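# Notes for the structure review
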Amino acid sequence: MHSKKGGGGQKYKPVYFVGAGPGDPELLTIKARRLLDEAHVIVYTGSLVPKTLLHGCRARLFNSAGMHLDQVMEILIKGYRQGLKVVRLHTGDPSLYSAIAEQISLLEKEFIPYQVVPGITSGLAACASLGVELTIPEKVQTVIISRISGRTPVPEKESLEKLSKIQGSLILYLSISHIEKVTKQLSKGYPLDTPVAVVEKASWPEEKIVLGTISNIAQKVKKTGIKKTAVIIVGEALLGIDNPKSTCSRLYCKEFSHGYRKGNTQDTKLIKAFSASPSAKTDLTLIVYLGSKGHILAEQISQKLNGPSRLIRYSELKEDQSLQKMWEQISAIIFVCACQIAVRTIAPFIKDKYTDPAVVAVDESGKNVVCLLSGHLGGGNKLAKNVADILKARPVITTQSDIMELAPIDLWTKAHNLLPTDSRKLKHVQALLRNGDTIKVFIQDHVILKALPEGLVRTKSEDCADIVIGPFIPGPNSNSLHLATRNLCLGTGCHKGLAPDRLFEKMKNFLEKHSIPELSIEKVCTIDKKAKEPAIVELAKYLEATLLTFSSEELNNVTGPETSKVVLDSVGAKAVAEPAAMLCCRDGKLIVKKEKFDCCTFSIAATRVEITDRY
Ligand code: SAH
């Protein structure tokens, strides 16, 4: 905060230039809130500062939107000379595009003291809404704040064309009305598929987010009609960390060209969910409608539904075949049309209940809401009930365990991240439940059992169990449903440049020998020098496991593992696979000691997992 001396004595208070933040009253600083509450005179930028920030203020309020500089200065100076507390309230942070410099200069001429109180700038509030970091290690470390030249010219040396050559993370203010010109200039430096996000009214209840690329964002923004109070964020950082572009480019492809997403904190998960892995789903609900009556119902559902949703006309969905592309990415689809149409539309894409989205159909009179697909795991039953609540309609649920009110085993397994190594056996267990038979559950080592859902009891014999829970494949005598716990860490090291296929092959043999399914591996860990070793990176991806790396000092500090001079000479650590696996598991222990192959080593540690009756 800057304070400038000058002017009268105790009686006179400085003029305060206060940052109002992006709009959400909770994003005001405590100091800003206090000054607003204490002020006698507030001159605020009415075009951008929401009125809600001024609720309860006792001050005389002046909206500067229609004033010129002299009029603003007259109020500030007069208030100061009367010994009043005067606040000049600017949106976001006063140091950016707020024209405080000229006001300060005029105050200084009058020897009037002032103070500047910072605020959260809208560009950074927009990043918070998107849930992104602008500085991704090794990808981008520079953030540029700028604007396109409009009525206020931008010096040629800072033109967007020039700035775009840096390919940093770019935040553009005051530029949305020139979006076409912006993208044209950006394309001179950034690749055309560089992601772009437009955030209108960041942090306001009516916040809107439009995502695209340099090549298509202008068209999308035009469709939404956003013309002002928006920032444009550009750069690869929008894709997050560890994400090869190919995985994420779906986020920006044309199926997302229809409309915009409503502001919602859950929206921010969209980017992350896409970035997480190729199979990760976003929590986006697609609402498909036919005709104008259907459109009205779809709007009604979208407004009240928790989480982000996107409306799309049935004909558009068919036209650009977007459903095929989106099927595995979205979490739910609501059809506002006859079940028959919905069923025919989704039929070609249905795969299994683990990956299919929830599908619900609402008739065009809004009377019945039928769950068509993924009732349990996909949340379709719940969605049908929600939509029925919104429309005051009748939910139609036909999955058996809900009807019979039995513990839905698949929900319970999902809640505990238990993964069936052979999902065909789930049916057998559910049939037992329906018949009222008790299900016998065997619990393997490294699993702590707190409670089981009703109808399930613990057994001491793995061979006669109906369900086996733990990280190991049950023995050959067992015909049970194996639910793998995801609690193992695979420590590994390999020769430089080893082909990924060879490492996969060795790992498969190693896991098979120890009766460990790939599903049980939650983390792959190694020394930091191997963090980019293609075979190890690919292995972690293949297992959908987190890759963790440790420095040689960290590895050398682990006591116990067998050491190797060869390893020490080549990477500077006494051992890699064993200590890395041990470091990965906080409360765990080594369960498979290091095994050496000609080109790699493996070791496994396990963490303990808890099972309860929660679902
Ligand atoms: N000092 C302000 C910027 C004022 S210039 C700040 O730090 O945020 C006005 C521009 O700010 C607008 O054209 C728009 O680009 C941006 N802006 C202001 N409030 C915004 C908001 N809530 N969401 C998105 N952009 C906003």
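Scroll up a little and you will see the structure.
Presented here is an overview of the structure given in this document. These figures come from a predicted structure and were not determined experimentally.

## So, the environment of L238
Here L238 lies in the loop between β10 (230-234) and α8 (245-248). Using a relative accessible area of 2% as the deciding quantity, one classes L238 as buried. Measuring from C-alpha to C-alpha, the distance between L238 and T194 comes to 9.0 Å, with 44 residues separating the pair along the chain.

## A closer look at the side chain of K530
Inspection of the secondary structure puts K530 in the loop between β25 (521-527) and α19 (534-542). Only 2.9 Å separates the side chain of K530 from the backbone oxygen of C494, close enough to count as a polar contact.

## Considering helix α2 (residues 69-81)
Over its 13 residues, α2 runs 18 Å from end to end, which matches the ideal 18 Å to within 8%, given 1.5 Å per residue. For α2, the full list of buried residues reads V72, M73, I75, L76, I77, G79 and Y80. Of the surrounding secondary structure, the elements contacted by the buried residues of α2 are β1 (15-19), β2 (41-44), β3 (60-63), β4 (86-90) and α3 (100-109). After α2 finishes, the residue G83 shows a positive phi value of roughly 75°.

## Concerning the environment of H482
Along the chain, H482 turns up in strand β23 (residues 481-484). Looking at H482, the relative accessible area reads 3%, which means it is buried. Setting aside anything within four residues of it in sequence, one finds H482 in contact with L419, P420, T421, Q444, V468, G470, F472, I473, P474 and P517. One polar contact links the side chain of H482 to the main-chain carbonyl oxygen of F472, over a distance of 3.0 Å.

## Remarks on unusual backbone geometry
Non-glycine residue F111 carries a positive phi angle of around 55°. With respect to the helices and strands, the residue F111 is situated in the loop between α3 and β5 (114-117). If you check the backbone angles, T229 has positive phi at about 50° while not being a glycine.

Rules used in this analysis
- Residue positions within a chain follow its written sequence, with the count starting from 1.
- Residues qualify for local features only when their pLDDT is at least 70, as the model is predicted, and side-chain atom pairs are given and counted only at 80 or more; totals for whole chains, interfaces and linings, by contrast, use all residues.
- Remark: hydrogens and water are excluded; side-chain values derive from all non-hydrogen atoms of the structure.
- For the purposes of this entry, the term helix denotes a DSSP run of H or I that reaches at least four residues, the term strand denotes a run of E that reaches at least two, and both are numbered from the N terminus.
- Only protein chains enter the accessibility calculation, which uses a 1.4 Å probe; a residue whose area is less than 20% of its type maximum is buried, one above 50% is exposed, and one in between is partly exposed.
- N or O atoms closer than or at 3.5 Å make up a polar contact, with two conditions inside protein: a donor-capable atom paired with an acceptor-capable one, and, for residues adjacent in sequence, both atoms drawn from side chains.
- One less than the number of residues in a helix, times 1.5 Å, gives the span that helix is expected to have.
- Note on contacts: a residue pair qualifies if any of its non-hydrogen atoms lie within 4.5 Å across the two residues.

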